Amino acid sequence: MYKRIFDIENQLDEGMFLFGARQVGKSTLLQERFPDAIYYDLLIDTVRKAFKRNPDSFRQALIDKPAGTLVIVDEIQKVPELLDGVHWLMVNRGLHFILSGSSARKLKRSGANTLGGRAIPRTLFPLVWKEVTDFQIDKAVQNGMIPRHYLVDDATDRLEGYVEVYLREEIRDEAAVQDVEAFEQFMEAAAISDGEMINYSNIASDCGVAAKTVKAYYQILKDTLMGYEVPAYTKEVKRKVVQAPKFYYFDVGLANYLMGRHHLRRGSDDYGHAFEHLVMQEIIAYRGYNRRREKISYWHTYNDQEVDAIIGDAKVAIEIKSSEEVKTRHKNGLKAFKEEHPDCRLILISLDPITRPSGDIELIYVLDFLKMLWSGEIF
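Keep in mind it's a predicted model, so treat the numbers as computed, not measured. (Residues numbered from 1 in each chain as written. Predicted model: local features only at pLDDT ≥ 70, side-chain atom pairs only at ≥ 80, totals over all residues. Heavy atoms only, no water.)

**Student:** If you had to explain the layout of surface pockets to someone new, which residues and values would you point to?
**Tutor:** Over the atoms, a rolled probe matching the size of one water molecule traces out where space is still vacant. Of the voids in this model, the largest pocket is the one considered here, and its volume is about 840 Å³. Thr123, Phe125, Ile284, Arg287 and Gly288 are the residues nearest the centre of the largest pocket, which is lined by 27 residues in total. Counting residues per element, the ones that place at least two in the lining of the largest pocket are strand E5 (119–123), strand E6 (227–230) and helix H14 (269–289). Residues of the lining of the largest pocket, tallied by class, amount to 14 nonpolar, 5 polar and 8 charged. Taken as a whole, the second largest pocket encloses approximately 550 Å³ of empty space. In terms of lining, the second largest pocket is formed by 25 residues, of which the most central are Gly272, Glu276, Glu319, Ile320 and Lys321. (1 Å grid on protein atoms, 1.4 Å probe; cavity = no way out; pocket = protein on both sides within 12 Å on 5 of 7 lines; lining within 4 Å. Points joined across faces, edges and corners; volume = space filled by probe spheres on them. Helix = DSSP H or I, 4+ residues; strand = E, 2+ residues; numbered from the N terminus. Nonpolar A, V, L, I, M, F, W, Y, C, P; charged D, E, K, R; others polar.)

In structure tokens, the structure reads:
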């Protein structure tokens, strides 16, 4: 059904931090690609408790292994104290490590050993178009691309369980917030503004908490890999531009569930928002897997001209519309951006099935765009 494209074997040197949200497939990938590695799963209660009681037993168990031995520690954030032992074994015994995790929050808060730059950070994303042999755009827009969710017809129950586990294990058990109900309400408010400019005051009013609390909640979502920010393109030429970032949940299916968008229909505003999110999700993953350094941002002026994605320093401007027929009004944001950045490549992605030029703008059917993206033809 799918085969992951992340060439982790070729990117591994001395060590790697492999980050990714829950259920994106980190454990499956590691077990498939490195079947002979020494493997510690810190989700196993007995293993986790043993290392918490005596972190040095980890070093003692590995001290006699030959140089070059690969050790995988899954969910390293559960026992960050092990990182001191990892560092010692890398330096003194030449062992190699992959340290996977679904949260950077506990590592940051504990002041854990970051291994002096010996472990490169990498991210595993949800599934992408190139990995799915029977890719269906409407199914991806509705269910999202977490493997367990994409593979079923109706992912609602699985998404409900996903959110419940997250709230229990990352928020309640880790005492991340004092009021879990307020945080759950915030998650729903953040979903409503998913793909929109962040307005802390408005969300705070909706949730009945202070704006500084909302900022802290967003940081928790980012630290637990549940979402990311897309910054504003702030270079001003003629028009004054908005500076606030946008927030996206890491997977469109999660945003759909939190908003109650269970039966998306083409032509609806909800479908349009989810469609944009999915395409942005693919662009973000492409940049990450290919280690591209181009910044991804968005452009929005104070007179409400907008372009959904700007690649690099105005190298490519991308507008995303779910319409099955491109209208003149859909091109307005790109045309306005072109006035200020005449050398920029302009792309409008849609469900219009005929890929073709329209003046300076490339009108590209979404499946053609995804093929071009993953072939390196966009950036």
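**Student:** Can you explain empty space enclosed by the protein? Please cite residues and give values.
**Tutor:** For the structure shown, the criterion picks out 2 cavities of 30 Å³ or more. Its volume calculated, the largest cavity comes out at about 70 Å³. Lining of the largest cavity is provided by Gln77, Lys78, Ser103, Arg105, Lys106, Glu169, Glu170 and Glu174. Going through the elements one at a time, helix H6 (105–110) and helix H9 (156–172) are the ones with two or more residues in the lining of the largest cavity. Taken together, the residues of the lining of the largest cavity sort by class into no nonpolar, 2 polar and 6 charged. Empty space within the second largest cavity amounts to approximately 40 Å³.

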